[in-house]
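A structural walkthrough
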4 protein chains.
Amino acid sequence: MMGKGFRQKIRQKNTENSGFGNNSSGRFINKDGLPNVQRRGVNVFNRLSWYHTMLNLSSFRFISYLVAAYILINLGFAFIYYLIGVEHLTGIDKSDPLNEFVDVFFFSSQTFTTVGYGRIAPVGFTASLVATFEAFLGLLTFAIATGLFYGRFSRPRAYLRFSDISVIAPFQGTAALMFRLAPYKNNALTDADVIVSTAIEVIENGVSKNNFYRLDTQLSKINTLALNWTVVHLINESSPFYSFSEEDFKNTNIEIIVQIRAFDEVFSNTVVQRTSYRSNEIIYGAKFTPMYYPSRDNLTTVLNLDKINEYQKADIPVLTEIQS
Amino acid sequence: MMGKGFRQKIRQKNTENSGFGNNSSGRFINKDGLPNVQRRGVNVFNRLSWYHTMLNLSSFRFISYLVAAYILINLGFAFIYYLIGVEHLTGIDKSDPLNEFVDVFFFSSQTFTTVGYGRIAPVGFTASLVATFEAFLGLLTFAIATGLFYGRFSRPRAYLRFSDISVIAPFQGTAALMFRLAPYKNNALTDADVIVSTAIEVIENGVSKNNFYRLDTQLSKINTLALNWTVVHLINESSPFYSFSEEDFKNTNIEIIVQIRAFDEVFSNTVVQRTSYRSNEIIYGAKFTPMYYPSRDNLTTVLNLDKINEYQKADIPVLTEIQS
Amino acid sequence: MMGKGFRQKIRQKNTENSGFGNNSSGRFINKDGLPNVQRRGVNVFNRLSWYHTMLNLSSFRFISYLVAAYILINLGFAFIYYLIGVEHLTGIDKSDPLNEFVDVFFFSSQTFTTVGYGRIAPVGFTASLVATFEAFLGLLTFAIATGLFYGRFSRPRAYLRFSDISVIAPFQGTAALMFRLAPYKNNALTDADVIVSTAIEVIENGVSKNNFYRLDTQLSKINTLALNWTVVHLINESSPFYSFSEEDFKNTNIEIIVQIRAFDEVFSNTVVQRTSYRSNEIIYGAKFTPMYYPSRDNLTTVLNLDKINEYQKADIPVLTEIQS
Amino acid sequence: MMGKGFRQKIRQKNTENSGFGNNSSGRFINKDGLPNVQRRGVNVFNRLSWYHTMLNLSSFRFISYLVAAYILINLGFAFIYYLIGVEHLTGIDKSDPLNEFVDVFFFSSQTFTTVGYGRIAPVGFTASLVATFEAFLGLLTFAIATGLFYGRFSRPRAYLRFSDISVIAPFQGTAALMFRLAPYKNNALTDADVIVSTAIEVIENGVSKNNFYRLDTQLSKINTLALNWTVVHLINESSPFYSFSEEDFKNTNIEIIVQIRAFDEVFSNTVVQRTSYRSNEIIYGAKFTPMYYPSRDNLTTVLNLDKINEYQKADIPVLTEIQS
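What you see is a predicted model; the values in this text were computed from it and never measured.

Rules of the game
Residues numbered from 1 in each chain as written. Chains lettered and ligands numbered in written order. Predicted model: local features only at pLDDT ≥ 70, side-chain atom pairs only at ≥ 80, totals over all residues. Heavy atoms only, no water. Domains from an automatic or database assignment. Helix = DSSP H or I, 4+ residues; strand = E, 2+ residues; numbered from the N terminus. Buried < 20%, exposed > 50% of the residue type's maximum accessible area, 1.4 Å probe, protein only. Contact = heavy atoms within 4.5 Å. Buried area = accessible area lost by both parts, 1.4 Å probe. Salt bridge = Lys/Arg side-chain N within 4 Å of Asp/Glu carboxyl O. Polar contact = N/O pair within 3.5 Å; in protein donor to acceptor, adjacent residues only side chain to side chain. Nonpolar A, V, L, I, M, F, W, Y, C, P; charged D, E, K, R; others polar. Pairing = 2+ DSSP bridges. UniProt positions renumbered as here; feature names shortened; annotations may be inferred.

Describing the domain arrangement of chain A
Interface size is commonly expressed as the accessible area that is lost once the parts come together. Domain assignment breaks chain A into domain 1 (4-37 + 158-313) and domain 2 (44-154). Using only C-alpha atoms to locate each centre, domain 1 of chain A and domain 2 of chain A end up separated by 49 Å.

Structure below.
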């Protein structure tokens, strides 16, 4: 929070097309890049795209759901066959009810998966009819599973790792806001561009409101995103952070919103990834240390992804002078 | 309908690239965004893309079609097997013709789904041959079903809800045409832009014709489409609605055509949604009430989708003065 | 063919980025939009993308190929099982060699499709091993078939019908080259644009060469491609056809190359369609007759696709005067 | 390597958005277009996108992996069933342990592929349970295989062949750097554009660093990429190679980085292909010989792909004069 005096500092007029409003609250973009918005109204089913949901599940939970569904469906059908009566199925072990149910359950699974050994097989109308539809349902279910698997692993993703923190580093005699990112998988990204904007909370006549500013970067496009990319926003007159002191960065609610867009040559598709940095994720007076170097044999370049958050202290003389 | 005198009011020259003509009639774009055009000529099969049709079906009808097809195909093959003669199938219950047909039907379904218990199995050339092709057909059918399921749920869609009505609201001392939209599912849209145009029917020397105008909006692009977006067309000299009175809006055949385009990060694809507003869907002298607010804990923003059509009366002094 | 005198007529400098050369021959773009080029060298397998080939097959031929493959594969495996010896399969009808082969063939198909009734089943190592791999091969084959089916029907296509002929029609006191197109299926196209260029063969000092020119059109973009679109190239000073007489159009090797690009909302994808018109497909002194009209109830517009080639004679006074 | 004197020669200021750094080493882009970068840190599983990996495998290796997986999985399950005890499976040949294991293995494969002849079938709880999950696993495995097959062959690719070498050819009184490319499959590419840049290693006060320059081309876009495309970079004042002698080209570490982007009409997708040329792949004083010609019947154009690397000596008078 800061008062009117501070407000003067920001000369740039704020942009209006952030898509966020003044009286929204909390972080705008979560670390994972999704907007921090809660939807109400409409019923929950219309509010969820189950396909989006299935695609966003972790592999483990996705598989678990499939297995659970498989077991439940089979239990359901087993129950139905049991009600119809085991005498309508051949080869059932009738020694006791439990064995009967067990056999019926396995018959169900052999039908659902269309294995159909035939050791147990339906006889008569009702059981056969149910089996007919269970097999049909089974095939459709696996048709859907096929689609979901494909949807999940063919989903274009940027596979970028952002530095957890951004720094205010000395740059060209003044200071610059910097963060960096690097592709961490064996994907090839080209024609990458970055869009950086910021939300700054200000108090105007006692009311807190958010102003949004676009942040210019030294380089907004690069041809090949193979090494790390350090995005640099020079803090000069045209920057909303112009003449911000370390305290200002600390005491103001700032959010840096980042969007990277690139072309993935395997997916042949545009991929997008976003993240954001809040005041407490901005380190004042630091600079990143290099994270790539020539290989020993000098035949290739080595990118060390573990160093992405590595930085060292660095004074910012110019700005502090201004402050004094 | 309105006379020549009125015509004067519109100063802007009309655009020609709407894609619609002067002597077309009725609504141009339906509420659901599809053009209101009927195609004749060519035979109906060439005129339908069955894939587009299958993708546009409701889930319920889609499933119903699948089930119906499944039953019909099995009945068909059952009939064939029956004609070939049940003696060419093992394990048929020959107690009476009905039972025979029933068993033959289930054999067909067990073949089509490739369950193949084997309790009933083909013997001899003809029956085996038919079964051979039924199983083949079954697998191809489910191959197609798999594709359709995937095509249906992987189809990129914007999942936007538009306000049912658009309003003429007081704005910056004059009036503005406004409507709003909001994403209602857990999808993340970025880089959204809007294109708004209008068709106005005028009478020139007794002949009614449609003129098309592009409507400028205060904001034509936003970065993150997470909250609602109120699209604002300022009614000033450069607007075709300049100096329109409430009566003019009522008595003229107006259609506001809207197209939203955005990038969905899960589909990694551009999505488009369109709608339109006709004269009777434009409310004069009203303004929308806010539909999002900070959450109680101030950690997130809440978007209430049920409020999307909520508005309150609001006078439009300036314009009415002009009219008097 | 035409002499140097004629050459003077063309004032516009030719464009170089057609992608075609001067000493290429014959039509450049076939009526179906594919370039008229024959590739040599490289072996034929590397020269064919079998996926492109499968996608371009007619449905009938595609299915035929699948069926043929299915029969051949089964015959092959039947042969192998036969060599291994029918005694390694249970339930074979050993009455005579033919019946044996028939049963072996059906066993193969029951394995390939994974129906596996079990009436015939493998016993012992060799037969079981072959069956193991046939079932595996079967599943992979149907996996590929599934992909091909999906690839075929999810392939974005524009479904546009072009007029077979283009006309030189009177327009704004002078003449214009016109052709038209219309979407003929239930697909919704938006933001359509057209690129028209022409190749004109000229004789320079006895050598024939092709010059390429871009043709400007009255309208190069339209918002909604729901009705027919008549593309108009005005023949004025800046047109390579300026002051062309009817004879010139007849006697010159002209090719009009057309490319339409639009956005399909169901595929959420850009679709492209191309075609071309040669001298003998250009009708001098004609104009298209309207192909859409209001529906009787005035609630919708009717587009009659059968009229797309309908035109009537129309004099071109201005130009002929120039010629005289 | 070259000294400061040489440095003078290059007047153009270098571009910074190559995405590569000064202290990276070795080739930047490999011949196949992938960046020559080694990633360290993070564990290897997070560093690999297995989907990208599977898509980049050769067909042969891909199939081999599938077969291997199939055999291993079946061996695994066979072992489990064997431990459970063959008495829980019907129809096992109990003559000796090996036969038992063989039968159990084939039962496993019949379950995994859902053939399920039933000659061997599970009896009792444990065996049936394992079989239930094996069949389930089998179907999911083939669901994934289906997705991978589709992903592999539907993956948009440019299918372009680049000339292995680029040449410095006489052009318009001076010299030009040229290389060429041609589509070698039955795919139709339109709206192709090329981006060419170069990395030149220079020694500044003893330290070697890489400078990056954008290379302008005579033609950066062509409409239809059906024949070969010879990309021409004119070596004039604005070229970093201005007044380079043959020796300079030999003795300098130069890398020409090329990116082609085009629209494929079958995939309806943008496709990208890249390659690079190093000093030793640049031939000074040579020009390409034509690789397409009219067909004998003059009805089509023939493109001979085997000639793509064919060139002949050609003197470059102007430049050598400059050098002397």
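Some details on the environment of Ala226 of chain B
Take Ala226 of chain B: it is sitting in the loop between strand 7 (221-225) and strand 8 (229-235). By relative accessible area, which is 0% here, Ala226 of chain B ends up buried. Excluding its chain neighbours within four sequence positions, the residues that come into contact with Ala226 of chain B are Phe20, Pro35, Val37 and Arg39 of chain A together with Pro183 and Leu303 of chain B.

What about the interface of chain D and chain A?
Each partner contributes residues to the interface: chain D has 72 residues there, and chain A has 57 residues. Between chain D and chain A, roughly 5,500 Å² of surface is buried when both sides are summed, and carbon and sulfur atoms account for 60% of that area. Counting the contacts that link chain D with chain A gives 2 salt bridges. A salt bridge links Glu265 of chain A to Arg274 of chain D; its shortest N-O distance comes to 2.9 Å. For the pair chain D and chain A, the number of links is 23 residue pairs in polar contact (both at pLDDT 80 or more). If you list the elements that add at least two residues to the side of chain D that touches chain A, you get strand 1 (37-40), helix 2 (44-47), helix 3 (50-56), helix 5 (97-112), helix 6 (125-153), strand 9 (254-264) and strand 10 (269-278) of chain D. Considered class by class, the residues forming the side of chain D that touches chain A number 32 nonpolar, 32 polar and 8 charged. Pairing geometry for strand 14 (residues 301-304) of chain A and strand 1 of chain D, over 4 bridges, is parallel. Each bridged residue has a counterpart across the sheet, and for Val302 of chain A the counterpart in strand 1 of chain D is Gln38 of chain D.

Describing the UniProt feature "transmembrane region" (unreviewed entry) in chain A
Residues and elements named next belong to chain A. Those residues carrying the UniProt feature "transmembrane region" (unreviewed entry) are residues 62-84 and 129-151 in this numbering. For residues 62-84, the end-to-end C-alpha separation is 33 Å, with 100% helix and 0% strand making up the annotated structure. Between the first and last C-alpha atoms of residues 129-151 the distance is 33 Å; the span itself is 100% helix and 0% strand.

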